[in-house]
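For reference, the chains in residue letters:
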Amino acid sequence: MIMRENQLIELIERYLGGEMTAQEREDFEALRKNDASVDAKMAEHKDLTSLIKQYNERVKLETRLNAIHDEIDVHTLKEDLMAHPSWIVQMWRNHHSKISVAASVAILAILLTLFVTGDLSNKDPRFQQLKADVEGVKRQQRQLGEQQKNIYKTVKTAPVTNAKFRGTGFALTGNGYIVTNFHVVNGGDSVYVQNAEGTSFHTKVVYTDPAYDVAILQVNDTSFKNIGPVPYAFKKSKSDLGELVYTLGFPGDDVKYGPGALTGASGYRGDTTEYEVYIPVNPGNSGGPLLDDKGNIIGVINGKQTQTSGAAFAVKSRYLLKAIQSIPSDSLTKSINLNTKSTMANLSRTKQIEKLRNYVFMVKVYNQ
Amino acid sequence: MNNQLNVEIPSDSEVIIGILNNSDSVLKKLYLAYFPMVLQLIVNNNGDEDEAKDIYQEAIIVLYNKIKRGDFELSSKLKTYIYSVCRRLWLKRLKQLNRYAGGDIKDFEEFLPVEEEVERHEERDLQISKMGEALKLLGEPCKTIMEDFYMHNRSMQDICERFGYTNADNAKTQKYKCLQRLKKLFFQQ
């Protein structure tokens, strides 16, 4: 049977529209079965007419969306949502000429001072590492003791139990691995860590990397219980200048929070393994964690420059990870599985600190 | 941010039910709820507000069609889904515009892999816009006849009266000719 195409289209439309009688339906289905071209024609027709419908629906939906969109004050919204550069960057943009002049004057003044005091010619400006050296206090105590002896004439000396050095450390994992600075534990006989509640645990130094100023401790005290997975992640990539950062540490007996910003991509004397940070740190902050806003560890605080007040340095987390990777496996009795996802990303700073404080320790080093 | 603008965030199930029922108010709530999130993504990644509008509307269309097809599972949050689609669309757009600097884009939310879905949407979208072009080229009275018959489901009798054809057969012949032309225009593109 030869059928003209317009007749076929009409049949297809009647079939699809359900307008056929039972007999017509049967005939048409038989035709489709016998002639593949009829079936193909029907599929094509269906596609095409469905596209016409979809196009119509799309136009209608777009009209609705545009009407809604027109009610939004996009301009104001945009102003609110632009990521504003940190105040340091803004200040630089607005006042860089003034700052440059001020900086030149300051540099001149420093050079002049150094020249006058003779420091320029013979001595390196010393870089003060932040372990609290209690030696001075001890000496004074001894003197006091001597005076007491002279007064009472009784000689009884107790063993010196003061911690010689103090610093900060933080947990790598929940199972007792803690990182601090090499310079904090260097030269110590025994190393203890003390948690936020004031309980101390004996630790063993399992690895040191003087190049990156990293030391890994393992708590080997039977009273120590697993403290659960750490809430922060260890960032592999580098962080950007101007990023808001903070640290938690033990410059004294209580844990202290220090807020700041990342101000330099390299550390003391252009050391690319470190960041420069503008953060209030004191002796005792050494070995503390440097975290970004999302709760990622981006570095380990390790020093403060004496000349430029405010500038501190932190070993980049990349090098911490490098150091961890190079620990010989036979030095480890448990595995170090580092957390790769911060569970604090959406928390406010205060909530982050609350979580964090259980994972930051005071490191006490004794040398008898 | 949302408090500031007094935006009410509709629940995910409210949106799904609303869209299935063609509710204008729910569509509006949905649109207003997540536009700021997408604007933030685009303007902080090399785009402007008009591009944000384009990308966002495309994502809403993807979501709308997905819900209409009945295959939106509540396993992911609407917010995450919309963000993921916009992120994917924007990455593609940046590459097309040669504005992509490489590396990561600045993210503000969690996101899911939606590459395949976006791919499928774009294929479909291409077909639909080809149809739009074909209809525009078709000219009158064919365009109106096609729209009346295939979009608005008007009967041949109605169409016959509207265009003043003397009988339904003439109208049918005319409709057939128009359809053939439309088909030709569609496949030519």
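Just so we're clear, the structure is a prediction, and the values are computed from it rather than from any experiment. (Residues numbered from 1 in each chain as written. Chains lettered and ligands numbered in written order. Predicted model: local features only at pLDDT ≥ 70, side-chain atom pairs only at ≥ 80, totals over all residues.)

**Comments concerning the overall build of chain A**
On a plain count of helices and strands, chain A comes out with ten helices and 15 strands. Scored against the burial criterion, the 368 residues of chain A give a buried share of 28%. Taking all contacts inside chain A whose residues are at least 6 apart in sequence as the whole, residues at least 24 apart take part in 68%. (Helix = DSSP H or I, 4+ residues; strand = E, 2+ residues; numbered from the N terminus. Buried ≥ 20, exposed ≤ 12 C-beta atoms within 10 Å, placed from the backbone. Contact = placed C-beta atoms within 7 Å.)

**Let's talk about the overall build of chain B**
Each helix and strand in chain B was counted, giving eight helices and zero strands. Order of helices (α) and strands (β) in chain B, N terminus to C terminus: α-α-α-α-α-α-α-α. Out of the 189 residues belonging to chain B, those deemed buried represent 32%. Residue pairs in contact within chain B that sit at least 24 positions apart in sequence constitute 63% of those at least 6 positions apart.

**Section: the environment of N339(A)**
Residue and element names in this part refer to chain A. Summarising the element assignment, N339 is placed in the loop between α9 (317–325) and α10 (349–356). Taking the C-alpha atoms as reference points, N339 and P229, separated by 110 residues in sequence, lie 7.6 Å from one another. For N339, the contacting residues outside a window of four places in its chain are P229, V230, Y232, A233 and F234.

**Focus on the pairing of strand β4 (residues 177–180) of chain A**
Regular strands place side chains that alternate from one sheet face to the opposite one. All names here are of chain A. Burial of β4 is two-sided: the residues Y177 and V179 facing one way and the residues I178 and T180 facing the other way are all buried. Across four bridges, β4 lies against strand β7 (residues 214–219) in antiparallel orientation. By the bridge assignment, V179 is partnered in β7 with I216. (Pairing = 2+ DSSP bridges.)

**What about the interface of chain A and chain B?**
On the chain B side, the residues contacting the 25 residues of chain A number 32 residues. Sorting elements by how many residues they give to the side of chain A that touches chain B places helix α3 (residues 36–69) of chain A first, with 15 residues. When its residues are assigned to classes, the side of chain A that touches chain B shows 14 nonpolar, five polar and six charged. (Nonpolar A, V, L, I, M, F, W, Y, C, P; charged D, E, K, R; others polar.)

**A look at the environment of E119(B)**
Its place among the elements puts E119(B) in helix α5 (residues 115–138). The spatial distance from the C-alpha of E119(B) to the C-alpha of R88(B) is 9.8 Å, given a sequence separation of 31 residues.

**Remarks on the nonpolar core**
Grouped together as the largest cluster of nonpolar side chains are 50 residues, with contacts concentrated most on I178(A), V214(A) and A314(A). Setting aside anything within four residues of it in sequence, one finds I178(A) in contact with G169(A), F170(A), A171(A), L172(A), V193(A), T203(A), L217(A), V219(A) and F361(A). With 34 residues, the next largest nonpolar core counts I42(B), I55(B), W90(B) and V118(B) among its residues. (Core = buried A, V, L, I, M, F, W, Y, C linked by C-beta atoms within 7 Å.)

**Describing the packing of helix α3 (residues 49–69) of chain B against helix α4 (residues 78–96) of chain B**
Residue and element names in this part refer to chain B. In contact at an axis separation of 9 Å, α3 and α4 are set at 130 degrees when each is read in the N-to-C sense. Overall, the two elements α3 and α4 adopt an arrangement that is oblique. Judged by the sense of rotation from one axis to the other, the crossing of α3 with α4 is right-handed. Where α3 approaches α4, its residues I55, Y56, E58, A59, V62 and L63 are matched on the opposing element by Y81, I82, V85, C86, L89, W90 and R93. Each residue belonging to the contact of α3 with α4 can be placed in one class, and the counts come to eleven nonpolar, no polar and two charged. (Axes fitted to C-alpha atoms, helices over the stretch in contact; angles between N-to-C directions. Parallel < 35°, antiparallel > 145°, perpendicular 65-115°, else oblique. Left-handed = near helix turned anticlockwise from the far one by under 90°.)

**Thoughts on the packing of α3(A) against helix α2 (residues 24–43) of chain B**
Between α3(A) and α2(B), whose axes approach to 10 Å, the crossing angle comes to 55 degrees. By the angle between their axes, α3(A) is oblique relative to α2(B). Classified by chirality, the crossing of α2(B) by α3(A) is right-handed. Along the contact surface, α3(A) presents R64(A), L65(A) and I68(A), while α2(B) presents D24(B), L27(B), K28(B) and Y31(B). Classifying every residue of the contact of α3(A) with α2(B) gives four nonpolar, no polar and three charged.

**Some thoughts on helix α1 (residues 12–20) of chain B**
Residues and elements named next belong to chain B. The set of residues buried in α1 consists of V15, I16 and I19. One side of α1 carries all its buried residues, which in axial view fall inside an arc of 95 degrees. The elements touched by buried residues of α1 are α2, α3 and α4. After α1 finishes, the residue N22 shows a positive phi value of roughly 55 degrees. (Arc of directions from axis to C-beta.)

**Here we look at the pairing of strand β11 (residues 274–278) of chain A**
All names here are of chain A. Counting buried positions along β11 yields four of five residues, so the element is predominantly enclosed. Where strand β10 (residues 256–264) lies against β11, three bridges are found, and the strand directions are antiparallel. Paired with A261 across the strands is Y278, a residue of β11. In the sheet, β11 pairs with strand β14 (residues 311–316) via five bridges, with the strands oriented antiparallel. Looking across to β14, one finds that E274 is bridged to V315.

**Comments concerning the confidence of the model for chain A**
Residues and elements named next belong to chain A. Residue-level pLDDT values for chain A average 81, and 82% of them are 70 or greater. A low-confidence stretch, residues 122–126 stays under pLDDT 50, and its non-local contacts, those more than four residues away or across chains, total four contacts. Low pLDDT, under 50, characterises residues 153–161; the predicted model gives this stretch four contacts beyond four residues in sequence or across chains. (pLDDT = per-residue confidence, 0-100.)

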